[in-house]
Structure formats: C-alpha cells, structure tokens
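A structural walkthrough
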Amino acid sequence: MKNIYAVALVTILFASCKDGKTKTETTTENTMNKTENPLLIESKLPYGAPDFTLIKNEHFKPALQQGIAAQNEAVAKIANNTEPATFDNTILELEKSGTLLQSVQNVFSGLTGAHTNDELQAVQEEMAPKFSELQDGIYLNEKLFKRVKELYVKRDSLVLDPESNKLLETYFEAFEKAGANLSEADKETLKTYNTKLATLINTFNKTLLAANNDGALVFTNKEDLVGLTESQLKSLENKDGKGWKIPLLNTTQQPLLQSLENRATREKVFKASWTRADGSKNDTKTIITQIAELRAKKGALLGFANYAEWSLQGTMAEKPENVINMFNGLIPAATAKAKNEASEIQKMITKNGEDFTLEAWDWNRYAEMVKKEKYDLDESAIKPYFEVKTVLEKGVFYAAEKLYGITFKERKDIPTYHKDVMVYELFEENGDQLGLFYADYFARPSKRGGAWMSNFVTQSHLYNKKPVIYNVCNYPKPAEGDAALLTYDEVSTMFHEFGHALHGFFANQEYPSLSGTAVARDFVEFPSQFNENWALYPEILKNYALNYKTGEQIPQALLDKIKKAGTFNQGYSLTENLAASNLDMQWHTIAANANVTAANAFEKDALHKTKLDVVSAVPPRYRSTYFAHIFGSGYAAGYYSYLWTEMLHHDAYNWFENNGGLTRENGQRFRDMVISRGNTVDLEAMYKNWRGSDPKIEPMLKARGLK
Ligand SMILES: [Zn+2]
C-alpha cells in the first residue's frame, strides 16, 4: 500500500522543502519559539532526514499550527495579488505555499502510522478538521481559482515547459474536482461535509486501533494452543498477565489460524477478528454508515450520481462502470476456482478423520495440508530460508542492483523513532547519492495494521531535495534471540513495498506535487506489484533464500515446489479481494438520499447480489467495519486499484520475460520510460509507449491459474 493515510484529495498542494516562512509566531496558542522546535528548522542530518533525537510529542501541534498559518498567509497573498496572473506568481507560489506544513506532516503521519501514542492521537483528532478547513480555504477560494482558471484557459500561449504545463493542468483539475465551480452557498455546505468527514475518518481510525488491540485473545491453557511452535509461544507470552496473547492483525484471516490445531480456538480467533468492531465496545458500524452517507451527499453536491463517480475522475479506470465490468469478468472464474479449492479442502478434513463442514476458520490450516500433499510443500520447511535481513539485503536490494545498478550501505548513525527501524543509504551506479531508506518491519501495538510506504522527504529539483523514504510492515516479532523468519507472503510484501520505494527514489521531477508516487491510485500500485515478480526469479531467489543457520542455498527441489504451488489458493485470494473491492464500490455508489439503516445487512446484501457469497468459507479480505483502506484512508472507491494494477504488472513482467528478463538494460529502460516519470505524463500513454501495446488481462489470468 502506498501511504495516503493522512491525505485528503488536495494534498497535492503541499510540498516538502526548506524555505517555509514562519511569520506567524504570534499565533495565540503557540508560545513555543521556532528555534526550540526541531520541526520548524532545517534538519542538520543528511538528506534533511527528521532528527528523532530532538522531536518530541509536544512539538507537533504548534508546528502544524504554524504550517497551516503560513500556508493560509501565502495563499491569501497569491489570491489578493493585483498584478495579472502569471505561472510564477500564481502556480509556482501555490506549489511553494505548503512547504513548511508538508515537511511537518511528513513526520507526523509517519509517526501516527508506525509509532503512535495517546498524545499524538489527541493532536491528530484536534487537527483533522483544521486540515480539511485549510484545503477548502484553498480550493474553494474564488479569487484564487479565477487566477488559476485564467492561466489554464490561455495555457497554450504561455509557452511553458511540459512539466510546468502539467502542473498548471493538475492544479486546475484539482480545483474543479474540489468544487471551485460551485455557488457560494454550495461551497459552504461542502465545507461542512468535508470537516465532518475528516473528523469521522479520524474517529474510525482511533476506534479501529482500539478494536485491534482490545480484540487480542488471551489463552491460559496451553492445550488450546496446540500446533504452535515453542518459539511462537514464546513470542506470544502475555506481558500484561498470565498465559499467551494472540494479537489481531488487520485482515479477516489471522496468520496463526494456519497452525492452530484446536478447532474451538480457531473459531474463537476468527470470530474475534470478524467482530472486533461489530458489537464490541469499539463498534464502527455507525461511523462507517455516516461516512458513506456523507460521501454520497458530497458526490451529489459536486454534480455526480454517487461518490465513486466523482472520485474516479482522473484515474485510469475513469468510471465505476469500468471497474464493475472488470469485477464481473473475474468473479465467475475466481469463485469457481475457490469452490474447487473448498471441495479439495473438505476431502482433506475427512481424510484427516474429522467430521465437520469447512468454515472460514478452517481454511488456512487444511489448505496448508492440501498444499503439503498436492505440492509436497510445507511452509515451515520454507521459512528457515527467509530470514528478514537476508531477504532484504540479498533479495530486495540485490534485485534492484541487478536491474537498476543501485547499491546500498547500512547507516547506523541516522536516528530513528524506534529501535527496530533500520536505515540504508542508496547510491547510483556511478556512486552518486540517491537517498535514504528506512525499513520498519515488525508489528507492535503502536503501529496500525498492514504495510505501506511513504516519504519523510520528497524528491524535487525545485528544492534540490533527494528522497527520504520508509517502508512499514507488520511481521510478527520473534522472541528475543530468535531469528526473524518470514513466510513467502511476507517476503512478497517486502518486495512490494520496496517497489513503491523505487518509484519514489527514481523520481526525477522539478515539482514535488508531481514527484514519484504522486500518481493516480490505480497506477500507484503498479511499480510495487511489479517488483514482487523478482522474488521468485531464480537468480534472485538463489541469492537470498539461504538457510539462516547453515547459510545453505535453498534446494532446487524446494524451489521448484514453491513455483509449482504458485497458483495454489488463488481462487480464495482473488475471491476475498473481489469481495472487499466490491464492498468498497457498493458503499461508494449509494445514492445521496440513501439511508443505510444497518451496516451488516448492507454488507450481506452487497456480497449476495454480486455472487461473492457463493463460497461461504471465503469471507471478504476486510469486513466493512475494519476496512481501513476505505473508511480510514484515501482508498475510498479505490480498493479496486490493486486488481487494476495487477493486470498491468503481469503484463509488464510478460514483456520482461519476452525480452531477456533481469538485465541492466531492461531495468534502465523501465526506469527511464516508466518509474522515473512521476505524474508528468499521461500514464496510459506512457505505459503503452514502453510496452508497445495496451495492457492485456491474459498474463494475469495465467499467473492466477485461472486460464
Ligand atoms: Zn502497495
């Protein structure tokens, strides 16, 4: 996932740079002198990396307030300028107006995602509506829009370089999308919607974090946990009391369900996950229906049939119909394969001498047995070859070196916000500095669920900035002294997130708003998913899949088995993904006057009418009540993007396969023509130019074993 957690539609205005003016020290609530606040002064660390030895909780609120005030002041100055509008005095100034705020927000959203606490959460809650007001103050400012529109209309006569022209177009479209063309009265209504939405989203996130933590199950009887290894048990030891504590991870299925032998325990763990925010004290049902209804009203106010239609403007998919068509093309094949998998699993249950009907909480355990039997592949036989740091350095980094020529050096001297975070410096093939990379891989209660990438510092030539990028994952932390061993899925996630990182590192843009990953949602997952392909590439795999005890390379036979089992369980995984994607689309295509009385009934109906409930043991990857992508972050009406870009990445990898695979030449061509371009060119045309044709769905179906 690309982290667009703290980001509303219009954050493209914010840029990270050093020359944010702070003329606002008189702000009433702010008594802190700017020289005392490390967030308000240029970091002395390499690449302008945030200095976590100096940054304290209490620095954020005043810094954010100063950033907002500075941006408001800069925007007012542009809007009230009596000189005729020019690119420099309007668009460029707008691009620079949020520099201070963005640099503070980069650190703030990094910490609130990966290492939050009560104090930061309180600041988040207090500031959420203020960010929304700020953005409305910019995008619904009539005088400002008049200047932008004036320039946009005569853009052909301005003789701008292509990137500046694209920046002008991007701003104009963002103003239009945000409602700049509305009447003054409608603008006021929109502002109240936006402020309320920002608060609700923040409440959802806070409630969900509590739901995940409170939903953890404590077991005091060791027999309930039969199937877990001694090392797993050790890492689950309950620090707050007796017994063992099984934490809840963000998806419906929980990793330990694969190993737990006691069926009653499995059911308990699954149900804790399923009901974490439904009927518990951290119930989100009312919050999500309010969010969906308010978004529907917003879509209508802006002149669209529903929120999704409004939201999909400027994406590759363009319209909800195109997304739904893609779903409909996949649902029959996906559910048919899931049904086959379910019957194979049911047979395995019987063969195992047991007599019950397969339920969702049994799936992973018996699927694992089928996998063992059918492919003779055992997850626990693989894990010793996937030690976290070896996978990173000899797998993820090695692939990037082979393709793009870049090299890596660990930096122990750069301060981090948590001791588990590792830092690396990246270099070009010729030795030039490329940027800083933070890897934060282990789960902890202060971290939200999932995996994501974002920037502490965004690349831009305008400010002479090189990127500082982080990846965050939620791998189970091993007990002290034990090796951190990954499943193949977790290995794949590491390659994925680093694909986002490469998109950010190879950015080569003048303007931060167009830099790197600042692209449409249904393109942003393409470089990341594409990077997953290298995890199984023989030359890469042989280099990193080394036994953590002996250093021995993974045996060829095991490697062949991993490949062969590659399409196993794809019916399940595609169906659970389609179910979640469909829930997202349906919540965001309700009409403006819709009154969703019961979230659970809505969810049930949404799955039923799309025939995604035909295999009852395959629940949605996320249930509405804990679907943070769509109710707590910027992926509303956008979860489909993962499937959309899946089509792109298989198609792209197919090109590599037909053109010599992993070579420096192929990597460089891909970097030059695709991943270094940020949002400076039409993405569809860019892809076609590199590929030589439009993307096709066949490679995806083949990879999923559906064809
Ligand atoms: Zn991603």
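Residues numbered from 1 in each chain as written. Predicted model: local features only at pLDDT ≥ 70, side-chain atom pairs only at ≥ 80, totals over all residues. Heavy atoms only, no water.

This part is about the UniProt feature "domain: Peptidase M3A/M3B catalytic" (unreviewed entry) in the chain. In the UniProt entry, the feature "domain: Peptidase M3A/M3B catalytic" (unreviewed entry) is given for residues 257–705. For residues 257–705, the helix share is 51%, the strand share is 8%, and the end-to-end C-alpha distance is 25 Å. (UniProt positions renumbered as here; feature names shortened; annotations may be inferred. Helix = DSSP H or I, 4+ residues; strand = E, 2+ residues; numbered from the N terminus.)

To continue, consider helix 17 (residues 521–532). Across the 12 residues of helix 17, 11 count as buried, placing the element largely inside the fold. Among all positions of helix 17, only Arg521, Asp522, Phe523, Val524, Glu525, Phe526, Pro527, Ser528, Gln529, Phe530 and Asn531 are buried. The secondary structure elements touched by the buried residues of helix 17 are helix 11 (307–311), helix 15 (388–404), helix 16 (488–505), helix 23 (641–658), helix 24 (664–675) and helix 25 (683–691). (Buried < 20%, exposed > 50% of the residue type's maximum accessible area, 1.4 Å probe, protein only. Contact = heavy atoms within 4.5 Å.)

Turning to its location among the elements, Ser164 is positioned in helix 6 (residues 162–178). Contacts of Ser164, omitting those with residues within four sequence positions, involve Phe87 and Tyr511.

Right, let's get into the environment of Trp310. Considering the arrangement of structural elements, one finds Trp310 in helix 11. A relative accessible area of 3% means that Trp310 is categorised as buried. C-alpha of Trp310 to C-alpha of Gln232: the two residues are 78 residues apart in sequence and 47 Å apart in space. Separated by 2.8 Å, the side chain of Trp310 and the backbone oxygen of Lys177 make a polar contact. (Polar contact = N/O pair within 3.5 Å; in protein donor to acceptor, adjacent residues only side chain to side chain.)

Working definition: the strands of a sheet are paired by backbone hydrogen bonds and lie parallel or antiparallel to each other. Ordered by their spatial adjacency, five strands build an open sheet running 3-4-5-7-6, and the pairing between neighbours is mixed. Either end of the sheet is taken by a strand with one partner, and the two such strands are strand 3 (407–410) and strand 6 (452–457). Strand-to-strand twist across the sheet, computed as the mean angle between neighbouring axes with direction ignored, equals 25°. Note that strand 3 and strand 4 (residues 422–427) share four bridges and pair antiparallel. If you follow Lys409 over to strand 4, its bridge partner there is Glu425. Across the sheet, helix 3 (residues 99–114) touches strand 5 (433–442), strand 6 and strand 7 (468–475), and the angle it forms with strand 6 is around 145°. (Pairing = 2+ DSSP bridges. Axes fitted to C-alpha atoms, helices over the stretch in contact; angles between N-to-C directions.)

Attention now moves to the pairing of strand 7. Here strand 7 lies mainly inside the structure; eight of its eight residues are buried. Where burial is concerned, the two faces of strand 7 agree: the one with Val468, Tyr470, Val472 and Asn474 and the one with Ile469, Asn471, Cys473 and Tyr475 are both buried. Where strand 5 and strand 7 come together, six bridges link them in parallel fashion. Counterpart to Ala439 in the pairing with strand 7 is Asn471. Note that strand 6 and strand 7 share five bridges and pair antiparallel. The residue bridging Trp452 from the neighbouring strand is Val472, located in strand 7.

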